[in-house]
Amino acid sequence: MTLSRQNKLYHKVHSDENLTEAWHHVRRGSEAAGVDGITLAHFQRRLFSGMKELQQELSERRLVPQSIKRFSIPKSGGNQRPVGILTVRDRIVQRAVLQVIEPLFEADFEDCSFGYRRERSAQMAVERLQQLTKRGLVWVVHVDIQSFFDRINVSRLEALAFKKITNRELRRLIRGWLTEQTLTVERGGLFRRPRRRGILQGGILSPLFANIYLHQFDRMALLHGLKLIRYADDILILCRTKRAARKTYRAAQQFLRELDLELHPVKTEIVNVTEGMRFLGQRILLEQWSEKENSTISFAEDGDELQEDENLEIADDNTLRT
């Protein structure tokens, strides 16, 4: 891609049409204010002047990403999930950038990737699961990446993203969002924290960043002939036998190490889909499977817990890791 075309990409970011479309998306989102205290309602009250100021700052290459307000929300099991809130201004600009750069990466993403992509969905991922199990691939390595968003190597992500993005100003903005310090909300007030690793959960560009990073995992897995389904960082690798699944578990572990990531030692599991499994937050049951008959996938109620004896097998495999 020539530099002139990359310059056109940047001009498209701050075009009237693109910024207007970005605002329409952002205004349907969270009302919460970022570090500047400005909510969506506040911004909308002076929408014309606010959008014009943004457009001028982008056009004159003066826009600087603002700090991110970060706090934690409780998860099931007693853990905390870190969440970040961008200012309304940065949400609009991130959306404007996303609308321009997403097609650059979309053309290269693999067919096994379903999460946060246009014209793809969770239902399509489940349908692919059904297709593969009909072929006898009923043993599944359900990959859980430990603290994925918090552990992404930002320098590596930059290098991957910048293979497609050569425009200097787009690079400056993206680097700013990736490395900007956070204001952490804690008991007693706000505290500034440098962010050396990880990307923002809740950022408009974060799903694309996640797909860019894990596209490398897809390529390694497919190069080794593995059959996988990935929805963002929720990954299934399907195998014909339990023995193959255990070997695949170790391969997935190595692929993630090459990306400076780790398998979650407890949540990663080997399961047989005929006994039930959890995928995309739902319990999936595969009924009446055989090589000659159609299989049916249904969703159990969340309270329907199934026995998962394969966790014992994973515990044995953990002894192979250092």
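The rules behind these values
- Note on numbering: residues in each chain are counted from 1, in written sequence order.
- For this predicted model, a pLDDT threshold of at least 70 governs which residues receive local features, and a threshold of 80 or more governs which side-chain atom pairs are given and counted, while totals over whole chains, interfaces and linings are taken from all residues.
- By convention in this description, side-chain values take in all heavy atoms of the structure and omit both hydrogens and water.
- Put simply, two rings from Phe, Tyr or Trp (the six-membered ring, in Trp's case) pair if the centres are within 6.5 Å, and we call them stacked under 30 degrees between planes, edge-to-face over 60, tilted for the rest.
- Cation placement over rings: the criterion is NZ of Lys or CZ of Arg within 6 Å of the ring centroid and within 35° of the ring normal.
- In this scheme, a residue with accessible area under 20% of its type's maximum is buried, one over 50% is exposed, and one in between is partly exposed, where area comes from a 1.4 Å probe on protein chains only.
- Numbering goes from the N terminus for both helices and strands, where a helix is a DSSP run of H or I of at least four residues and a strand is a run of E of at least two.
- When DSSP finds two or more bridges between a pair of strands, those strands are recorded as paired.
- For helices, the fitted axis covers only the stretch in contact; all axes are lines through C-alpha atoms, and the angles between them, taken along N-to-C directions, range from 0 to 180 degrees.
- Contact between two residues is taken to exist if any of their heavy atoms lie within 4.5 Å; hydrogens are not considered.
- Each C-beta atom gives one direction from the helix axis, and the arc is the one those directions make.

Novice: Which parts of the structure should I look at to understand the packing of aromatic side chains?
Specialist: Note on aromatic pairs: each is described by the distance of the centres and the angle between the planes. In this structure the tally under the stated criterion is four aromatic pairs. With centroids separated by 5.1 Å and ring planes inclined at 70°, the aromatic side chains of Phe-148 and Phe-149 adopt a geometry described as edge-to-face. Here Arg-120 stacks its cationic end above the ring of Phe-114, 4.8 Å away from the centre of that ring.

Novice: Explain the pairing of strand E8 (residues 269-272) here, please?
Specialist: The two faces of a sheet get side chains in turn, since along a regular strand they alternate between them. The side-chain alternation of E8 yields two buried faces, one formed by Glu-269 and Val-271 and the other by Ile-270 and Asn-272. By the bridge criterion, four bridges tie strand E3 (residues 139-144) to E8 in an arrangement that is antiparallel. From the neighbouring strand, Val-140 faces E8, where its bridge partner is Val-271.

Novice: What exactly am I supposed to notice about the sheet that holds strand E6 (residues 227-231) here?
Specialist: Sheets are built from strands paired through backbone hydrogen bonds, the pairs being either parallel or antiparallel. The strand order across the open sheet built from four strands is E6-E7-E3-E8, with neighbouring strands paired in antiparallel fashion. Every other strand in the sheet has two partners, leaving E6 and E8 as the edge strands with one partner each. Pairwise comparison of adjacent strand axes, ignoring direction, gives a mean angle of 25° for this sheet. Two elements, E3 and strand E7 (residues 234-239), share six bridges in a ladder whose sense is antiparallel. Each bridged residue has a counterpart across the sheet, and for Asp-144 the counterpart in E7 is Asp-234. The strands that helix H10 (residues 206-223) touches are E6 and E7; relative to E6, the one it contacts most, it runs at about 170°. Of the strands in this sheet, E3, E7 and E8 are in contact with helix H11 (residues 242-258), which crosses E3 at around 20°.

Novice: Teacher, can you tell me more about helix H2 (residues 16-26) here?
Specialist: Looking at H2, one finds that the buried residues are Asn-18, Leu-19, Ala-22, Trp-23 and Val-26. When H2 is viewed along its axis, its buried side chains cluster within an angular range of 135° and face the same direction.

In short, shape yes, function no, at least from these values alone.
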